[in-house]
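Summary of the model geometry
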Amino acid sequence: MNKKTRNLKKHYRGIKRELREFNIDMSKESWYGMWHIHLDWDGITSTSDKHRKLHILYYLKIFDRIDNQTNGSNREFQTWIYLDKHDGVDDALYFHTENPECDFPYRLENIEWNVEIPSILKDLLYLSNFNIGRLKAKKENEHSYIIQKKGLGLRINKK
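Residues numbered from 1 in each chain as written. Predicted model: local features only at pLDDT ≥ 70, side-chain atom pairs only at ≥ 80, totals over all residues. Heavy atoms only, no water.

**Here we look at the nonpolar core**
If you look at the biggest cluster of nonpolar residues, it comprises 32 residues, and the most contacted ones within it are I66, L121 and I147. Sorting the residues of this core by element identifies α1 (3–21), α2 (49–70), β2 (77–83), β3 (92–97), β5 (130–135) and β6 (144–149) as the ones contributing at least two each. What I147 contacts, discounting residues up to four positions off in sequence, is F63, W80, I81, L83, L121, L125, F130, N131 and I132. Membership of the second largest hydrophobic core comes to 10 residues, among which are W80, A92, Y94 and I146. (Core = buried A, V, L, I, M, F, W, Y, C linked by side-chain atoms within 4.5 Å. Buried < 20%, exposed > 50% of the residue type's maximum accessible area, 1.4 Å probe, protein only. Helix = DSSP H or I, 4+ residues; strand = E, 2+ residues; numbered from the N terminus. Contact = heavy atoms within 4.5 Å.)

Structure (structure tokens):
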């Protein structure tokens, strides 16, 4: 087995461990101020769409964990996936609650909804379960995307 393959296996083992250990504390004492997690610090998602899709699927699994862990809680929160226009290293999943450091709920007004989704997301998710928005970009065809699971937390663009 070559070093590149070993490093990939190690990388994905680390992501699986993070998924297993992922925990959201919804007690009144806890808070999350734009807390986020990046799954790719090594640039693996830059090597191929295959790896970026795998990482997006892991972000979606974290959505499922959040859904299970917040079920029954009365606390309001927001959660979304940010997909960077250029590089998967900057992709992240965010979790945000009322906190002493920044505004809650978070509002992001420059999102266009009901847009054609990027090809990388096709066949990865059931569109009926998600809101997918495109952040308005200065340059045409250089868009970042926001994914929110319907019914999971507050939307980031509604007052």
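Now that the structure is up, let's keep going.
**So, the sheet that holds strand β1 (residues 35–37)**
Sheet architecture is open: 6 strands sit in the order β1-β3-β2-β6-β5-β4, paired in antiparallel fashion. Among the strands making up the open sheet, the edge pair consists of β1 and β4 (111–113). Strand-to-strand twist across the sheet, computed as the mean angle between neighbouring axes with direction ignored, equals 30°. Seen against the sheet, α2 touches β1, β2, β3, β5 and β6 and runs at an angle of roughly 175° to β2. (Pairing = 2+ DSSP bridges. Axes fitted to C-alpha atoms, helices over the stretch in contact; angles between N-to-C directions.)

**Some points on the side chain of D91**
Within the secondary structure layout, D91 lies in the loop between β2 and β3. Classification of D91 by relative accessible area gives buried; the value is 1%. D91 has contacts with I37, H38, R52, Y59, Y82, L83 and D84, leaving out every residue within four places of it along the chain.

**What to know about the side chain of D84**
Structurally, D84 is set in the loop between β2 and β3. Put simply, D84 is tucked away with no salt bridge, and the nearest opposite charge, on K85, sits 5.3 Å away. For D84, the contacting residues outside a window of four places in its chain are R52, D90, D91 and S144. (Lys, Arg positive; Asp, Glu negative; His and termini not counted. Salt bridge = Lys/Arg side-chain N within 4 Å of Asp/Glu carboxyl O.)

**What to know about the packing of aromatic side chains**
Summed over all chains, the structure comprises 8 aromatic pairs. With centroids separated by 5.0 Å and ring planes inclined at 85°, the aromatic side chains of Y32 and F95 adopt a geometry described as edge-to-face. Linking Y32 in the loop between α1 and β1 with F95 in strand β3, this pair joins segments that are 63 residues apart in sequence. The same class applies to Y32 as to F95, namely buried. An angle of 5° between the planes, with centres 5.1 Å apart, marks the rings of W80 and Y94 as stacked. (Phe/Tyr/Trp six-rings, centres within 6.5 Å; stacked < 30°, edge-to-face > 60°.)

**Quick look at unusual backbone geometry**
Cis geometry is found at the peptide bond from F104 to P105, where omega equals 0°. When you line up the elements, P105 lands in the loop between β3 and β4. Of note, the phi angle at N114 is positive, near 55°, even though the residue is not glycine. Tracing the backbone through its elements, the reader meets N114 in the loop between β4 and β5. The backbone phi angle of D123 is positive, close to 70°, even though this residue is not glycine. When you line up the elements, D123 lands in the loop between β4 and β5. Overall, D123 belongs to the exposed group, its relative accessible area being 81%.

**Considerations on a positive patch on the surface**
Taken together, K9, K10, R13, K16, R17, R20 and K61 make up a surface patch of like positive charges. Among the elements that take part in the positive patch, α1 stands out by supplying 6 residues, more than any other. By the secondary structure assignment, K10 is in helix α1. Using a relative accessible area of 56% as the deciding quantity, one classes K10 as exposed. (Patch = residues over 30% accessible without salt bridge, like charges linked within 9 Å, V, L, I, M, F, W, Y side chains within 5 Å. Areas by Shrake-Rupley, 256 points an atom, 1.4 Å probe, with all protein chains shown as cover. Charge placed at Lys NZ, Arg CZ, Asp CG, Glu CD.)

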